[in-house]
Amino acid sequence: MWRRLAGLLLVFAAATAALWLLSARLSAGQARRPLRFPSDLEELRELAEALRDYERQHRGAALALFCAAYLYKQSFAIPGSSLLNVLAGALFGPWTGLVLCSALTSVGATFCYLLSGTFGKQFVVYYFSDKVALLQRKVEENRSCLFFFLLFLRLFPMTPNWFLNLSAPILNIPVAQFFFSVLIGLTPYNFICVQTGAILSQITSLDAIFSWDTLLKLLAMAVAALIPGTLIKKYSKKHLKLDEDKHAQLLNGKKSL
């Protein structure tokens, strides 16, 4: 068990060092601004402004850093990918950003799956035994239509995405089904975040937020994001064995009183 922990820490240290070296190299080409993960929208706007001019001149380097940072967060289940989705919309535009984030989300989640399967199974079972057991039961009940059940979990999460990524190898979910369920199931969420970033990057004043153009874009974005969820919800009522009200609180770390 401790060997697995040591192996995981070694992989984490190597990935952290590689990301730091890449960001340090990019920082050297800028106005000496330190690069760090944004923790709120204000830091996000500052980072987007700092990277935009550099991205126009050195698109490959900026793209490499963004991909490395995104995969780092996803692979080690570090919160904050939503802000990177917004940043992608601001830097690369709505459609390029969406394709990029959807691909990176799937690849990063699969890395997390593989790391958990190699190093973390015992830790996940030890610290989250009740949640794993409940999720295992739901997976087995829906094994005949597993892919659609995984899509349902992504679109209407009974459990956080990071926990599903960590527990998937324990639940014997095939990696191919896992990958494509993330790719398809999180596209609406990525779409909302990326489109938000693209819109925010074009807003120069508070009045622009309430312009008809911006409001129509937000409305279209909301409608487009609701369509996949509506279809999966309709399918799930007919084909999936779910008891959302009973189990959602436990899987999200809450107990009913």
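In the block above lies the structure referred to throughout.
Let us look at the structure shown here. Quantities reported herein were computed from a predicted structural model and do not represent experimental measurements.

Procedures and definitions
Residues numbered from 1 in each chain as written. Predicted model: local features only at pLDDT ≥ 70, side-chain atom pairs only at ≥ 80, totals over all residues. Heavy atoms only, no water. Helix = DSSP H or I, 4+ residues; strand = E, 2+ residues; numbered from the N terminus. Buried < 20%, exposed > 50% of the residue type's maximum accessible area, 1.4 Å probe, protein only. Contact = heavy atoms within 4.5 Å. Salt bridge = Lys/Arg side-chain N within 4 Å of Asp/Glu carboxyl O. Polar contact = N/O pair within 3.5 Å; in protein donor to acceptor, adjacent residues only side chain to side chain. Patch = residues over 30% accessible without salt bridge, like charges linked within 9 Å, V, L, I, M, F, W, Y side chains within 5 Å. Areas by Shrake-Rupley, 256 points an atom, 1.4 Å probe, with all protein chains shown as cover. Expected span 1.5 Å × (residues − 1). Arc of directions from axis to C-beta. Phe/Tyr/Trp six-rings, centres within 6.5 Å; stacked < 30°, edge-to-face > 60°. Lys NZ or Arg CZ within 6 Å of the ring centre and 35° of its normal.

**Some remarks on the overall build of the protein**
1) Next: What the protein contains, in helices and strands, is 13 helices and zero strands.
2) Next: Put simply, the protein runs from its N terminus to its C terminus through helices and strands in the order α-α-α-α-α-α-α-α-α-α-α-α-α.
3) Next: By residue count, 42% of the 257 residues in the protein fall in the buried class.

**Examining the side chain of Ser81**
1) Next: In this fold, Ser81 is placed in helix α4 (residues 81-92).
2) Next: Ignoring anything within four residues of it in the chain, the contact list for Ser81 reads Tyr70, Lys73 and Gln74.

**Focus on the pattern of salt bridges**
1) Next: Taken as a whole and judged by the stated rule, the model has two salt bridges.
2) Next: The partner of Lys138 in a salt bridge is Glu141, and the shortest N-O contact between them spans 3.0 Å. In this pair, Lys138 and Glu141 both sit in helix α6 (residues 129-141), three residues apart, roughly one turn of the helix.
3) Next: The partner of Glu140 in a salt bridge is Arg143, and the shortest N-O contact between them spans 2.6 Å.
4) Next: Assessed through its relative accessible area of 41%, Glu140 is described here as partly exposed.

**A look at the side chain of Asn165**
1) Next: Looking at where Asn165 falls in the secondary structure, it is placed in helix α8 (residues 161-167).
2) Next: Only 2.8 Å separates the side chain of Asn165 from the side chain of Arg154, close enough to count as a polar contact.
3) Next: In this structure Asn165 touches Gln74, Ala109, Cys112, Tyr113, Arg154 and Phe178, once residues within four positions along its chain are discounted.

**A few points about a nonpolar patch on the surface**
1) Next: On the surface, a cluster of nonpolar side chains totalling about 490 Å² of accessible area is made up of Leu216, Leu219, Val223, Ile227 and Leu231.
2) Next: With respect to the secondary-structure elements, Val223 resides in helix α12 (residues 212-239).
3) Next: With relative accessibility at 46%, the residue Val223 sits in the partly exposed group.

**Some words on helix α10 (residues 187-202)**
1) Next: For α10, built from 16 residues, the straight-helix expectation of 22 Å at 1.5 Å per residue is met to within 8% by its first-to-last C-alpha distance of 23 Å.
2) Next: Buried within α10 we find Pro188, Asn190, Phe191, Cys193, Val194, Gln195, Gly197, Ala198 and Ile199.

**A word on helix α9 (residues 175-185)**
1) Next: Within α9, the full set of buried residues consists of Phe178, Ser181, Val182 and Gly185. The buried residues of α9 occupy an angular sector of 100° when the element is viewed end-on, so they sit on one face.

**Concerning the packing of aromatic side chains**
1) Next: Under the defined criterion, the tally for this structure stands at 13 aromatic pairs.
2) Next: Plain terms: the ring middles of Phe66 and Phe92 are 5.5 Å apart, the flat faces sit at 75° to each other, and that makes the pair edge-to-face. Taken together, the residues span a long stretch of sequence, with Phe66 in helix α3 (residues 59-75) and Phe92 in helix α4 at a distance of 26 residues.
3) Next: On the basis of relative accessible area, Phe92 is assigned to the buried category, the value being 8%.
4) Next: Each ring, one from Tyr113 and one from Phe178, has its centre 4.9 Å from the other, and the planes form 40°; the classification is tilted. Here Phe178 lies in helix α9 and Tyr113 lies in helix α5 (residues 94-127), a separation of 65 residues in the sequence. Like Phe178, Tyr113 is buried.
5) Next: Within the aromatic cluster, the residues linked to one another by ring pairs are Phe12, Tyr72 and Phe76.
6) Next: Above the ring of Phe163, the side-chain terminus of Lys131 is found at 6.0 Å from the ring centroid.

**Focus on the environment of Ser75**
1) Next: Relative to the elements of secondary structure, Ser75 occurs in helix α3.
2) Next: In this structure Ser75 comes out as buried when scored by relative accessible area, which is 8%.
3) Next: Counting along the chain gives 91 residues from Ser75 to Leu166, while the straight-line C-alpha distance between them is 9.7 Å.
4) Next: Setting aside its immediate chain neighbours within four residues, Ser75 contacts Gly108, Phe111, Cys112 and Leu115.
5) Next: Among the polar contacts listed, one links the side chain of Ser75 to the backbone oxygen of Leu71, at a separation of 2.6 Å.

**As for the environment of Gln136**
1) Next: Tracing the backbone shows Gln136 in helix α6.
2) Next: Overall, Gln136 belongs to the partly exposed group, its relative accessible area being 22%.
3) Next: Expressed as a C-alpha distance, the spacing of Gln136 and Asn172, which sit 36 residues apart in the sequence, is 9.0 Å.
4) Next: The residues touching Gln136, leaving out its near neighbours within four places in the chain, are Arg143, Ile170 and Leu171.

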